[in-house]
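Coordinates in review
Residues per chain, in single letters:
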Amino acid sequence: MNKERRIQQQSPVEAEIPLLPQEIMVEILSRLPVKSLCQFRCVSKQWLSLISDPLLAKSHLKKTVSNDSFYSQRKRVIISSHNLYSLEYESIGRSGRFDENLVALELDYPLKDKPNGLAELLDSARDGFLYCERSEEGNDEFPVMVKLNLPFCVNQRNWVDILGSCNGLVCIAPDEDTLFLFNPSTRESKRIPDPPSGFVPNGWSVYGFGYDFVNDDYKVVKVGCGTVCVYSLRTDSWRIVCSFPYVDNVSESGVLLNGTIHWMVSFEDGVDCRCVVAAFSLEEEVFSDMPAPDIVDTSFEFVVGVLNGCLCVLHSRNQMHNDFWVMTEYGVGESWTKLTLSLSYICMKPLCLAQNREALLDVDGKLLLYNLEDDSYRYLVVDGIPAGDGFEADTYLETLVSPNGFCRT
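Attention here is on the structure that accompanies the text.

Conventions we followed
- Residues numbered from 1 in each chain as written.
- Predicted model: local features only at pLDDT ≥ 70, side-chain atom pairs only at ≥ 80, totals over all residues.
- Heavy atoms only, no water.
- Helix = DSSP H or I, 4+ residues; strand = E, 2+ residues; numbered from the N terminus.
- Buried < 20%, exposed > 50% of the residue type's maximum accessible area, 1.4 Å probe, protein only.
- Contact = heavy atoms within 4.5 Å.
- Areas by Shrake-Rupley, 256 points an atom, 1.4 Å probe, with all protein chains shown as cover.
- Core = buried A, V, L, I, M, F, W, Y, C linked by side-chain atoms within 4.5 Å.
- Salt bridge = Lys/Arg side-chain N within 4 Å of Asp/Glu carboxyl O.
- Pairing = 2+ DSSP bridges.
- Axes fitted to C-alpha atoms, helices over the stretch in contact; angles between N-to-C directions.
- Patch = residues over 30% accessible without salt bridge, like charges linked within 9 Å, V, L, I, M, F, W, Y side chains within 5 Å.
- Phe/Tyr/Trp six-rings, centres within 6.5 Å; stacked < 30°, edge-to-face > 60°.
- Lys NZ or Arg CZ within 6 Å of the ring centre and 35° of its normal.
- Polar contact = N/O pair within 3.5 Å; in protein donor to acceptor, adjacent residues only side chain to side chain.

A few words on the overall build of the protein chain. Helices and strands together make up the secondary structure of the protein chain, namely 7 helices and 26 strands. Here the protein chain holds 409 residues, and the buried ones make up 45% of them. Within the protein chain, counting contacts between residues at least 6 apart in sequence, those at least 24 apart form 51% of the total. Approximately 21,900 Å² of the protein chain is accessible, and the part contributed by carbon and sulfur atoms is 50%.

Ranked by internal contacts, the top residues of the largest apolar core, which has 21 residues, are C171, L179, I192, F209, Y218 and V220. Looking at this core, the elements with two or more residues in it are β7 (161-166), β8 (169-175), β9 (178-183), β11 (206-212), β12 (217-224) and β13 (227-232). Not counting the four nearest positions on each side in its chain, I192 is found in contact with C171, L179, F180, L181, V220, Y231 and W238. Membership of the second largest hydrophobic core comes to 19 residues, among which are L87, Y89, L102 and F391.

Time to look at the pattern of salt bridges. Evaluated as defined, the whole model comprises 16 salt bridges. Note that R31 and E27 form a salt bridge whose closest N and O atoms lie 2.9 Å from each other. The class of R31 is partly exposed, set by a relative accessible area of 44%. Between R76 and E398 there is a salt bridge, and its shortest N-O distance comes to 3.4 Å. Here R76, found in strand β1 (residues 75-80), pairs with E398, found in the segment after β26 (392-397); they are 322 residues apart in sequence, far enough to count as distant. Each member of the pair, R76 together with E398, is buried.

Once that is clear, we can look at the sheet that holds strand β24 (residues 377-379). Taking strand neighbours across the sheet as the criterion, the 6 strands line up as β19-β20-β21-β22-β23-β24 in an open arrangement whose pairing is antiparallel. The open sheet has two edge strands, β19 (302-307) and β24, and neither has a second partner. For this sheet, the mean inter-axis angle between neighbouring strands, taken without regard to orientation, is 55°. Both β19 and strand β20 (residues 310-327) contribute to a ladder of 6 bridges, which runs antiparallel. Residue pairing across strands places V306 opposite L311, the latter belonging to β20.

A surface patch of nonpolar side chains, amounting to about 260 Å² of accessible area, comprises L20, I24 and I28. Tracing the chain through its elements places L20 in the loop between α1 (2-14) and α2 (22-29). Looking at L20, the relative accessible area reads 48%, which means it is partly exposed.

Turning to the packing of aromatic side chains, a few remarks are in order. Per the counting criterion, the structure on display carries 14 aromatic pairs. Pairing W263 with F287 gives two aromatic rings, centres 6.4 Å apart and planes at 45°, and the pair type is tilted. In this pair, W263 sits in strand β16 (residues 260-269) while F287 sits in strand β18 (residues 287-291), placing the two residues 24 residues apart along the sequence. The class of W263 is buried, set by a relative accessible area of 2%. Of the aromatic side chains, those joined through ring pairs into one cluster are F244, Y246, W263, F267, F280 and F287. A cation over an aromatic ring shows up here: K75 above the ring of Y89, its NZ or CZ 5.2 Å from the ring centre. Note that K366 overlies the ring of Y379, its terminal NZ or CZ placed 5.8 Å from the centroid.

Right, let's get into the environment of D108. With respect to the helices and strands, the residue D108 is situated in the loop between β4 (105-106) and α7 (117-123). Between the C-alpha atoms of D108 and R187, which are 79 residues apart in sequence, the distance is 6.9 Å. For D108, the contacting residues outside a window of four places in its chain are F182 and R187. Only 3.4 Å separates the side chain of D108 from the side chain of K112, close enough to count as a polar contact. Within polar-contact distance, the side chain of D108 engages the side chain of R187 at 3.5 Å.

What follows is the structure, given as structure tokens:
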């Protein structure tokens, strides 16, 4: 009897568990959310190896972008406001209720707890004030101590610039001229090395980020002082690729669409100066000109955006406006269509179409849903984000794509 009991106790342990073929395992796992997959990494070394395999990451991403249900479930809005937050796409506009607040989740990201310079300066204040030396009438021999009364409600963290998003990776700058590729879903990150000295002089610069489909490479484009250089994640290095063939008056990050990064620029054509959309191909690493809407000229500032897979041109910073343009057929200048809104804005960024097909817009630091059919709109209240700081936003997908999963070639 005792011998039989021992055999029954040992048999479950000794029994071999049949293994499924790897392609079947990949097919099953690619249907699961990233949060579950990250938890499954702790099951065993075999699961860790399988879930960390770039082949699963590619299969998971392919399933996400090709399946509307998965795409909706795995889409997120990322918000920057002296911190990074994530917002579920499916919760936006789902119920149609005007009184339902959204809840943002705080993200962990590189250099999150690094204090900014002003916060460190205020920590050294005496008697609640800061003091500095000032010379009167150019007399440096007898400086005067000046008491500065500065507010002590200064945010301790740096502002995080969101420079672009692609396939679950977000290019961020949590400190000045300090770039990271960051996957908010897996919390993996990679510090992008600084360009070699002399590549781009110190001063004005803007960035773009995207994926080169042909060469299977993620690239960061830096434009500054007339020079364009490109960082390749696959080689982990920068290269100077060309000069910037436009007027250096671009102030916003480039917008990714169809494997190309776009900026609104001025182009000197003899004695005239006209606006065009500069399109930088990530595959060929060259610029081409795309026509801007006819009414766009250099007397105002404009930026580009993307809404529902269409390129947009919007006003930026100058006065209040209530219109923008949509290129309904990519690359065709005659397809620019003007849309007039029932509200005015100074700065506006289209983010995506919500569940109810309303447009989610970042308008002057506030989120709102705009119905393009009846011109109605409503502002969204997001719990979990401190009020009064303003914010910038973008979208990303929950994927397994790792910023550390590319090797040198």
